[in-house]
Number of protein chains: 2
Amino acid sequence: MEYNLDNAIRKIPDFPKKGILFYDITGILMKPEAFNYCIDKMEELYASSGVNAIAVIESRGFLFGAPLAIRLKMPLILLRKKGKLPGETYSVKFTLEYGEDVIEVHKEDVDSSQNILLIDDLIATGGTLKAAIELLTKGGARVARVFGIVGLPFLNYADILKGYPVKTLINYHAE
Amino acid sequence: MEYNLDNAIRKIPDFPKKGILFYDITGILMKPEAFNYCIDKMEELYASSGVNAIAVIESRGFLFGAPLAIRLKMPLILLRKKGKLPGETYSVKFTLEYGEDVIEVHKEDVDSSQNILLIDDLIATGGTLKAAIELLTKGGARVARVFGIVGLPFLNYADILKGYPVKTLINYHAE
């Protein structure tokens, strides 16, 4: 069954700063039909794709990756900001529009047997996802697929994620 | 089917600071059998409990509340740190061991028709949950149930959450 996700995505002007139109997925979460549509679609896409683990980026990625991990009965690997994971971690520093950020993963959660589906809520420049791929690769895993609910292809994530099969459920284009 | 959750919970000494033993739920996420056991149990507990919406506390609460919202087809309300939610919010300031914190919810996500199941991963002093209850009450909702995967009853959350039915799947006691 198809669902028009656009109806459930809230558009917030000037967030987090003036001139940015923010695509907010919390509207999806408040509509069970929309949220279930997303998880059903993700299950269709990845149930027989050969992936055997799911990695999610803090914290909105958790919202879509966790239900999928339950459905597919696959391990769920958390990728978090610096200092949030209590065990021994791999760590990757990356550049954002303003300054730097660090993303970490528990060393014991990553190994060379994994074909990973990497999930975030929204794909914009792809910078965070690229850092996440580098992080998982440090642990010997292979990132096989990349998924976001929302894509903003005009920010050119396809370039930085070249070679990785990326899927989204809905795309928005520059105003 | 029963599952010994203790086997899946990682115990990290001296995190986030010396003298604290941290109960880490990421071990549950990495074991599909353990993670599914948690969601199955939550579904058993709350499918017929009269709740009609689920609220989750950033960010580990998202991991357990999102799959349950999918299973029960209920709205999922995010409770986040200050500045993370893009729309208009209610906000509650509360005291932590070191300083203060602020928790927020989108105004449009809360209303007086809601009987809410409030979820976090771990219940310790109950201070954050108490602030979350105050926040949801500001919007006219009623918090009907409170749930955590892990409980630390020796930190006396039962006192601060008096009057709210609290359930956990596993409890730990002071060493």
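Here we summarise the structure given alongside this text. Here the structure is a predicted model, which means the values were calculated and not measured.

Moving on to the interface of chain A and chain B. Taken together, the contact between chain A and chain B spans 38 residues of the former and 38 residues of the latter. Both sides together, the interface formed by chain A and chain B hides about 3100 Å², and carbon and sulfur atoms give 68% of it. Here chain A and chain B share 4 salt bridges between them. For D109 of chain A, the salt bridge identified is with R10 of chain B, shortest N-O distance 2.6 Å. Elements represented by at least two residues in the side of chain A that touches chain B include exactly β1 (10-13), β2 (21-24), α1 (26-29), α2 (32-46), α3 (60-72) and β4 (76-81) of chain A. No other element matches α3 of chain A, which puts 8 residues into the side of chain A that touches chain B. Its residues placed into classes, the side of chain A that touches chain B shows 21 nonpolar, 7 polar and 10 charged.

Our focus in this paragraph is the pattern of salt bridges. Residues and elements named next belong to chain B. Tallied over the entire structure, the rule returns 25 salt bridges over all chains. Among the salt bridges present, the one from E2 reaches K41, with a minimum N-O distance of 3.0 Å. Placement of E2 in the segment before β1 (10-13) and of K41 in helix α2 (residues 32-46) is noted, with a sequence separation of 39 residues between them. Accessibility expressed as a relative area gives 57% for E2, which makes it exposed. In this structure, R60 engages D121 in a salt bridge whose closest nitrogen and oxygen atoms are separated by 2.8 Å.

What follows concerns the sheet that holds strand β9 (residues 166-171) of chain B. Residue and element names in this part refer to chain B. Sheet architecture is open: 7 strands sit in the order β5-β6-β4-β3-β7-β8-β9, paired in mixed fashion. A single partner strand is all that each edge strand has here, and the edge strands are β5 (89-95) and β9. Between one strand and the next, the sheet's axes are offset by a mean angle of 20 degrees, whatever the strand orientation. Where strand β8 (residues 142-151) and β9 come together, 5 bridges link them in parallel fashion. The residue bridging V150 from the neighbouring strand is I170, located in β9. Contacting β7 (115-123), β8 and β9, α2 crosses the sheet at an angle of about 150 degrees to β8.

Below, the discussion takes up the relation of the copies chain A and chain B. At an RMSD of 0.0 Å, chain A and chain B line up after a rotation of 180 degrees and a shift of 0.0 Å along the axis. The two molecules are tied by a two-fold rotation axis, judged by turn and shift. Taking the C-alpha atom as reference, chain A places P67 of chain A closest to the rotation axis, 2.1 Å from it. Of the residues that chain A buries at the interface, 100% are likewise interface residues in chain B, meaning the two copies contact each other through the same surface.

Attention shifts here to the packing of aromatic side chains. Two measures describe an aromatic ring pair: the distance that separates the ring centres and the angle between the ring planes. A complete count under the given rule lists 10 aromatic pairs over all chains for this structure. Here F35 of chain A and F64 of chain A contribute two aromatic rings whose centre-to-centre distance is 5.6 Å and whose plane-to-plane angle is 85 degrees, an arrangement assigned as edge-to-face. Remark: F64 of chain A occurs in helix α3 and F35 of chain A occurs in helix α2; sequence separation between them is 29 residues. Each of the two residues, F35 of chain A as well as F64 of chain A, counts as buried. Between the aromatic rings of Y3 of chain B and Y37 of chain B, the centroid separation amounts to 6.0 Å while the plane-to-plane angle is 40 degrees, which identifies the pairing as tilted. You can see Y3 of chain B sitting in the segment before β1 and its partner Y37 of chain B sitting in helix α2, a full 34 residues away along the chain. Across the pair, exposure class does not vary: Y3 of chain B and Y37 of chain B are buried alike.

This part covers unusual backbone geometry. The general pattern is negative phi for most residues beyond glycine and trans for most peptide bonds. With omega at -15 degrees, the peptide bond leading from E58 of chain A into S59 of chain A counts as cis. Of note, the amide linkage connecting F15 of chain B to P16 of chain B takes the cis form, showing an omega dihedral of -5 degrees. Residues other than glycine seldom take positive phi values, yet N156 of chain A does so here, at roughly 70 degrees. Looking at the secondary structure, you find N156 of chain A in the loop between β8 (142-151) and α5 (157-160). According to the relative accessible area criterion, N156 of chain A is partly exposed, its value standing at 45%.

Rules used in this analysis
- Residues numbered from 1 in each chain as written.
- Chains lettered and ligands numbered in written order.
- Predicted model: local features only at pLDDT ≥ 70, side-chain atom pairs only at ≥ 80, totals over all residues.
- Heavy atoms only, no water.
- Contact = heavy atoms within 4.5 Å.
- Buried area = accessible area lost by both parts, 1.4 Å probe.
- Salt bridge = Lys/Arg side-chain N within 4 Å of Asp/Glu carboxyl O.
- Helix = DSSP H or I, 4+ residues; strand = E, 2+ residues; numbered from the N terminus.
- Nonpolar A, V, L, I, M, F, W, Y, C, P; charged D, E, K, R; others polar.
- Buried < 20%, exposed > 50% of the residue type's maximum accessible area, 1.4 Å probe, protein only.
- Pairing = 2+ DSSP bridges.
- Axes fitted to C-alpha atoms, helices over the stretch in contact; angles between N-to-C directions.
- Least-squares fit on C-alpha atoms with pLDDT ≥ 70 in both.
- Phe/Tyr/Trp six-rings, centres within 6.5 Å; stacked < 30°, edge-to-face > 60°.

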